[in-house]
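Structural overview
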Amino acid sequence: MSYSVPRLAEERDTDFMPQGEGRFSGWSLWEVFIRQRRGMSHVHAGSLHAPDAEMALQSARDVYTRRGEGISLWVVRSSDITASDASDADSLFEPTGDKPYREATFYQVPAEVKWL
Amino acid sequence: MTEHHPGRHRFEALLAAEEKVEPADWMPDGYRQTLIRQIAQHAHSEVIGMQPEGNWISRAPTLKRKAILMAKVQDEAGHGLYLYSAAETLGITRDEMMRLLHEGRHKYSSIFNYPTLSWADIGCIGWLVDGAAITNQVMLTRCSYGPYARGMVRICQEESFHQRQGFEIMSTLSRGAPAQREMAQDGLNRWWWPSLMMFGPPDSESTHSRQSMEWKIKRASNDELRQQFVDMTVPQAEYLGLAVPDPDLSWNAERGHYDFGEIDWEEFWAVVRGNGPMNRERIAHKRAAWEEGTWVREAASAYAARRTGKAA
């Protein structure tokens, strides 16, 4: 694989497991959202480290919009995002699976009826 | 302990269904470790890869070439940052990765331990090195780990510019004066074999590849990707009128592929072990850049702290 380096006998696996040592100068992690063009919502593009919101915006511009990817940026501190727990996915989202009557395709429309 | 973890069943079901594994999902330690190793090395390669090209920014032959090269080097920095972010979702911090790289415990692709001696080398890096990287990275867009696969999609979109600009440099040189032609041929002579080495050891010796394929981190073997690259690149060299430096290279109609000569694996392992032409210089330069930038990071932190009224 091009960018991976083959293992040497002396390589230590522990080098590649998180040791929890050090933080990136104490800079927070920020999530970057880009609005591609007017009329569209901001969509998550990636993340970066920055000491404050202003620098996060400047870095987001350099890291994520080098080719006209958008016209507006949001940066949100990652720690401010509350996420649903992946293990709750079944209880949260499963109930919609047995309610097909919420979909238009559930209903039969006579062929001769128009505009429905 | 992990063998009987209830998450294992779900993890295996995701792989079987060609669904992506996301950061919050349970995953085996080996899967996590393999990905951290691979993504960190990939990120380090992008970052160290700025050095051989950055070497030519001030000596680019025209303003247009200089602007292109600066844009390309900036892209490599961006690619490194996307990848560090992807690795961080697995639990390692940016600072740890940086420290391990600086201490020589994390490696990066050996291709960047070769020097860029002429302008043709910038053409060769784009055409051959980025060409080989794209072959590998297109495969990685289908990697089972979501954040890595998403990073690869973005990177592949940007890399195609890199490969084309490299080919254009080679094309211009090979249609130029005799000295320019010679320069192009010399570049190809020096970069061809190291580019083939980028795909890693032959499948027969690549013991960890099988596990990576089972985990769907890797979707094709080293030798398959290498063959694909040779098949794509040889006709491009013919178009340029340049000779691929391999006397054993020939089209095998029966296989429908090019046959090619034996790679010098001794050289390959020597460079991996740190004895390539530029290993020491690359890390020394990286460390110096990090240390010289300390005051900038400290100033930014101090400014942010003062504005939010917190102690620095």
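These lines cover the structure that appears in this document, whether it is placed above or below. (Residues numbered from 1 in each chain as written. Chains lettered and ligands numbered in written order. Predicted model: local features only at pLDDT ≥ 70, side-chain atom pairs only at ≥ 80, totals over all residues. Heavy atoms only, no water.)

1. Some remarks on the overall build of chain B
Counting its secondary structure elements, chain B contains 13 helices and two strands. On C-alpha atoms alone, chain B measures out to a radius of gyration of 21 Å, which is about the 20 Å that the 2.2 N^0.38 rule sets for 312 residues. Here the analysis covers contacts within chain B between residues at least 6 apart in sequence; of these, 76% occur between residues at least 24 apart. Working note: accessible area of chain B is about 14,000 Å², and carbon and sulfur atoms make up 55% of it. Distance between charge centroids for chain B: 7 Å, based on 36 positive and 41 negative side chains. (Helix = DSSP H or I, 4+ residues; strand = E, 2+ residues; numbered from the N terminus. Rg over C-alpha atoms; globule rule 2.2 N^0.38 Å. Contact = heavy atoms within 4.5 Å. Areas by Shrake-Rupley, 256 points an atom, 1.4 Å probe, with all protein chains shown as cover. Lys, Arg positive; Asp, Glu negative; His and termini not counted. Charge placed at Lys NZ, Arg CZ, Asp CG, Glu CD.)

2. Considering the interface of chain A and chain B
Reports of interface size often rely on the accessible area that becomes lost once the parts have come together. Taken together, the contact pairs 36 residues of chain A with 62 residues of chain B. For the pair chain A and chain B, the interface holds six salt bridges. With a shortest N-O distance of 2.5 Å, Arg67(A) and Asp75(B) are connected by a salt bridge. Counting across the chain A and chain B interface gives 11 residue pairs in polar contact (both at pLDDT 80 or more). (Salt bridge = Lys/Arg side-chain N within 4 Å of Asp/Glu carboxyl O. Polar contact = N/O pair within 3.5 Å; in protein donor to acceptor, adjacent residues only side chain to side chain.)

3. As for the nonpolar core
All names here are of chain B. Of all hydrophobic cores here, the largest spans 95 residues; its most connected members are Tyr-31, Leu-35, Ile-39, Tyr-145, Tyr-148 and Trp-192. Per-element tally for this core: the top contributor is helix α6 (residues 119–140), with 12 residues. Those residues within four positions of Ile-39 in sequence are excluded, and the remaining contacts are Leu-83, Ala-86, Ala-87, Leu-90, Tyr-145 and Tyr-148. (Core = buried A, V, L, I, M, F, W, Y, C linked by side-chain atoms within 4.5 Å. Buried < 20%, exposed > 50% of the residue type's maximum accessible area, 1.4 Å probe, protein only.)

4. Topic: unusual backbone geometry
Residues and elements named next belong to chain B. Non-glycine residue Glu-18 carries a positive phi angle of around 60°. Structurally, the position occupied by Glu-18 is in the loop between α1 (7–16) and α2 (29–48). Unlike most non-glycine residues, Lys-216 shows phi in positive territory, near 60°. Considering the arrangement of structural elements, one finds Lys-216 in the loop between α9 (209–214) and α10 (222–240).

5. Structural notes on the pairing of strand β1 (residues 28–35) of chain A
Residues and elements named next belong to chain A. Here β1 lies mainly inside the structure; six of its eight residues are buried. Relative to strand β2 (residues 42–50), β1 runs antiparallel, the two sharing eight bridges. Within the sheet, the bridge partner assigned to Glu-31 lies in β2 and is Ser-47. Linking two consecutive strands that pair antiparallel, namely β1 and β2, is a turn of six residues; a positive phi of about 95° is found at Gly-39 within it. Two elements, β1 and strand β3 (residues 72–77), share six bridges in a ladder whose sense is antiparallel. Paired with Trp-30 across the two strands is Arg-77, which belongs to β3. (Pairing = 2+ DSSP bridges.)

6. Structural notes on the sheet that holds β1(A)
All names here are of chain A. If you walk across this open sheet you meet the three strands as β2-β1-β3, and the pairing is antiparallel. The open sheet is flanked by β2 and β3, the only strands paired with a single partner. Averaged over all pairs of adjacent strands, the angle between strand axes in this sheet comes to 30°, irrespective of strand direction. (Axes fitted to C-alpha atoms, helices over the stretch in contact; angles between N-to-C directions.)

7. A few points about the packing of aromatic side chains
Residue and element names in this part refer to chain B. A complete count under the given rule lists 16 aromatic pairs over all chains for this structure. Both rings, one in Trp-251 and one in Tyr-258, keep their centres 4.9 Å apart while their planes meet at 75°; by these two values the pair is edge-to-face. What makes Trp-251 partly exposed here is its relative accessible area of 49%. For Tyr-258, a relative accessible area of 11% translates into the label buried. Here the aromatic cluster, defined as three or more aromatic residues joined through ring pairs, consists of Phe-11, Trp-26, Tyr-31 and Trp-215. Sitting over the ring of Trp-56, Arg-59 keeps its end group 4.1 Å from the ring centre. Between Arg-297 and the ring centre of Trp-290, over which it is positioned, the NZ or CZ distance is 3.6 Å. (Phe/Tyr/Trp six-rings, centres within 6.5 Å; stacked < 30°, edge-to-face > 60°. Lys NZ or Arg CZ within 6 Å of the ring centre and 35° of its normal.)

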